[in-house]
Amino acid sequence: MHKVFGKKAPAPYYERKGAYIIPVKDNKIAVVKTPKGLFFLGGGIENGETDEACIRRECLGEAGVEVAVGEQICSAETFTSHPRLGLFHPIQTYYTGEIKKPIEKDHDFLWASFEDLDGKVFAEMQNWALREFWKNHTEK
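This section reports on the structure supplied with the text. (Residues numbered from 1 in each chain as written. Predicted model: local features only at pLDDT ≥ 70, side-chain atom pairs only at ≥ 80, totals over all residues. Heavy atoms only, no water.)

1. Notes on the layout of surface pockets
- Within this model, the largest pocket holds a volume of roughly 820 Å³.
- If you go around the largest pocket, you meet 33 residues; those closest to its centre are Lys 36, Phe 39, Phe 88, Gln 92 and Phe 122.
- Breaking the lining of the largest pocket down by element, the ones donating at least two residues are β2 (14–21), β4 (28–34), β6 (41–44), α1 (51–63), β8 (80–82), β9 (86–102) and α3 (124–139).
- Of the residues that constitute the lining of the largest pocket, the class distribution is 14 nonpolar, twelve polar and seven charged. (1 Å grid on protein atoms, 1.4 Å probe; cavity = no way out; pocket = protein on both sides within 12 Å on 5 of 7 lines; lining within 4 Å. Points joined across faces, edges and corners; volume = space filled by probe spheres on them. Helix = DSSP H or I, 4+ residues; strand = E, 2+ residues; numbered from the N terminus. Nonpolar A, V, L, I, M, F, W, Y, C, P; charged D, E, K, R; others polar.)

So this is what it looks like as structure tokens:
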């Protein structure tokens, strides 16, 4: 499933593709907490990088953890404005996965229940992806 958020203005956008993982353990979902809010593990794809390679690199950098990337859940994009980039068009793909082992102890990484995260992840499209994932996760 794919969903588009926002309305595209008739102007050029800075486009950025990204890949994210939504790991679950004991019905808790892994996220990273920053001063801006809660985010899924993952980030922007670099030139020639696969979604899986991006997720692995970002998980080490953001949370100090190694991961196993699972199946694709959904994807979303939004047309928005970024304070530094101007008109911004992030396109994100979300995957299931598993945290293999923590590498660094000083990263602010947490497990939270769906109820504690629902509506509180920083980006609207990530909240939607969380609900899509949880709907599919609880149906299995």
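2. Quick notes on the nonpolar core
- Grouped together as the largest cluster of nonpolar side chains are 21 residues, with contacts concentrated most on Ile 22, Ile 29, Phe 40, Tyr 94, Leu 117 and Leu 130.
- Contributions of two or more residues to this core are made by β4, β7 (65–78), α2 (114–117) and α3.
- Top contributing element to this core by residue count: α3, with six residues.
- When residues no more than four places from it in sequence are discounted, the contact partners of Ile 29 are Ile 22, Pro 23, Val 24, Leu 110, Trp 111, Ala 112, Phe 114, Leu 117, Leu 130 and Trp 134.
- Membership of the second largest hydrophobic core comes to 14 residues, among which are Ala 30, Val 32, Cys 59 and Ile 99. (Core = buried A, V, L, I, M, F, W, Y, C linked by side-chain atoms within 4.5 Å. Buried < 20%, exposed > 50% of the residue type's maximum accessible area, 1.4 Å probe, protein only. Contact = heavy atoms within 4.5 Å.)

In short, shape yes, function no, at least from these values alone.
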